[in-house]
Amino acid sequence: MSRASKITFTLACIFTVTTTVGVHMVQALERETLHQGPIKDAKRVAEKKRLKDSSGDEVPLGKQFGSSDPSKEKKRLFNKTEHEMQAELKKKYEQLQPLSGEIVTEDGEVVQSNK
């Protein structure tokens, strides 16, 4: 075996092992991160319930953790107005062209919708 082929083979083996170990490490990290999601959710729900019980009123989600960020409030307002605008457009378009609930396939076959 020539020196160049030995070097190439060694580098290929090192690259393969490094890639395999790296993928397993990333998978373990992702698995741990996914495992923390329900734990964080449970803590958030418990904190919300504790705040609701202590004040007697429902606390808005953004306010319960002291988040009075004006940019978030601005984003919420924008989302709310966007939602209202989309609802008005839906009503307008349904008046122009009522929906039948039927789905017509490419072959012309009519399928009922599962609404």
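These numbers were taken from a predicted model, which means no experiment stands behind them.

Peer 1: Any chance you could break down the overall build of the protein chain for me, citing the residues and the numbers?
Peer 2: Each helix and strand counted, the protein chain has 2 helices and 2 strands in total. Secondary structure elements of the protein chain, listed N to C terminal, follow the sequence α-α-β-β. Within the protein chain, buried positions represent 4% of all 115 residues.

Peer 1: Please set out the pattern of salt bridges residue by residue, giving values where relevant.
Peer 2: Any two side chains of opposite charge can pair, so long as their charged atoms come close to each other. All chains considered together, the criterion is met by 3 salt bridges. Notably, a salt bridge pairs R44 with D41, separated by 2.8 Å at the nearest N-O pair. Placement of the pair is R44 and D41 together in helix α1 (residues 3-55), with a separation of 3 residues, close to one helical turn. With a relative accessible area of 38%, R44 lands in the partly exposed category. When its relative accessible area of 38% is taken as the criterion, D41 is described as partly exposed. One salt bridge in this structure joins E47 and R50, with 2.5 Å as the shortest N-O distance. One end of the pair is E47 and the other is R50, both in helix α1 and 3 residues apart, which spans about a single turn.

Peer 1: Any details on the UniProt feature "signal peptide" (unreviewed entry) in the protein chain? Residues and values, ideally.
Peer 2: Listed under "signal peptide" (unreviewed entry) in the UniProt record, and renumbered for this structure, are residues 1-28. The distance from the first to the last C-alpha atom of residues 1-28 is 39 Å, and the span holds 93% helix and 0% strand.

Peer 1: Which residues make up a nonpolar patch on the surface, and what values do they have?
Peer 2: Side chains of I7, L11 and I14 sit close together on the surface and give an oily, nonpolar patch of about 300 Å² of accessible area. Summarising the element assignment, I7 is placed in helix α1. Accessibility expressed as a relative area gives 46% for I7, which makes it partly exposed.

Rules behind the numbers
- Residues numbered from 1 in each chain as written.
- Predicted model: local features only at pLDDT ≥ 70, side-chain atom pairs only at ≥ 80, totals over all residues.
- Heavy atoms only, no water.
- Helix = DSSP H or I, 4+ residues; strand = E, 2+ residues; numbered from the N terminus.
- Buried < 20%, exposed > 50% of the residue type's maximum accessible area, 1.4 Å probe, protein only.
- Salt bridge = Lys/Arg side-chain N within 4 Å of Asp/Glu carboxyl O.
- UniProt positions renumbered as here; feature names shortened; annotations may be inferred.
- Patch = residues over 30% accessible without salt bridge, like charges linked within 9 Å, V, L, I, M, F, W, Y side chains within 5 Å.
- Areas by Shrake-Rupley, 256 points an atom, 1.4 Å probe, with all protein chains shown as cover.

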